[in-house]
Amino acid sequence: MTPDSLSIADLSAIAVEFGIREGMLDAAVEELTHEWAADRFNNGALPELDFWDAHEQLHDEADEYAASLNNSGVLVQLQVLSEGGTRAALRSLLHDLLTPA
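The following paragraphs examine the structure supplied in this document.

Each value, and the rule that gives it
Residues numbered from 1 in each chain as written. Predicted model: local features only at pLDDT ≥ 70, side-chain atom pairs only at ≥ 80, totals over all residues. Heavy atoms only, no water. Helix = DSSP H or I, 4+ residues; strand = E, 2+ residues; numbered from the N terminus. Axes fitted to C-alpha atoms, helices over the stretch in contact; angles between N-to-C directions. Parallel < 35°, antiparallel > 145°, perpendicular 65-115°, else oblique. Left-handed = near helix turned anticlockwise from the far one by under 90°. Contact = heavy atoms within 4.5 Å. Nonpolar A, V, L, I, M, F, W, Y, C, P; charged D, E, K, R; others polar. 1 Å grid on protein atoms, 1.4 Å probe; cavity = no way out; pocket = protein on both sides within 12 Å on 5 of 7 lines; lining within 4 Å. Points joined across faces, edges and corners; volume = space filled by probe spheres on them.

Examining unusual backbone geometry
In step 1: Phi at Leu46 is positive, roughly 60°, even though this residue is not glycine.
In step 2: Assignment of secondary structure puts Leu46 in the loop between helix 2 (26–42) and helix 3 (51–70).

The structure is reproduced here in structure tokens:
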């Protein structure tokens, strides 16, 4: 756990507060892992591959990583979504994700 990361107790309390159940954060985790893949792609990852092969491989890896995270449960999802942020930032993100428009 980094100094800025939230504790398991914090994440558990936030999960209860928002009534988060399995599957509710899957799309957000998938989106985040694909943002990471796009960053890697834009920064020249896999230069040995051609443009489309590199793009496809990085995004395939993002799909696999997202599935692994999503299968690890709500607390892992919250930990990933809160990485480097504050409790208030995570609560704001969850409010945006889970509040109907």
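The discussion continues.
Points about the packing of helix 2 against helix 3
In step 1: Between helix 2 and helix 3, the least distance of the axes is 8 Å, while the angle of their chain directions is 150°. Overall, the two elements helix 2 and helix 3 adopt an arrangement that is roughly antiparallel. Remark: the crossing between helix 2 and helix 3 carries right-handed chirality. Residues Asp26, Val29, Glu30, Thr33, His34, Trp36, Ala37, Ala38, Arg40 and Phe41 of helix 2 form the contact with helix 3, whose participating residues are Phe51, Ala54, His55, Leu58, His59, Glu61, Ala62, Asp63, Tyr65, Ala66, Leu69 and Asn70.
In step 2: Classifying every residue of the contact of helix 2 with helix 3 gives twelve nonpolar, five polar and five charged.

Looking at empty space enclosed by the protein
In step 1: For the structure shown, the criterion picks out one cavity of 30 Å³ or more.
In step 2: Counted as a void, the largest cavity has a volume near 30 Å³.
In step 3: In this structure, the largest cavity is lined by Ser5, Leu6, Leu11, Gln79, Ser82, Glu83 and Gly84.
In step 4: The residue makeup of the lining of the largest cavity, split by class, is two nonpolar, four polar and one charged.

Nothing here speaks to function; it is all geometry.
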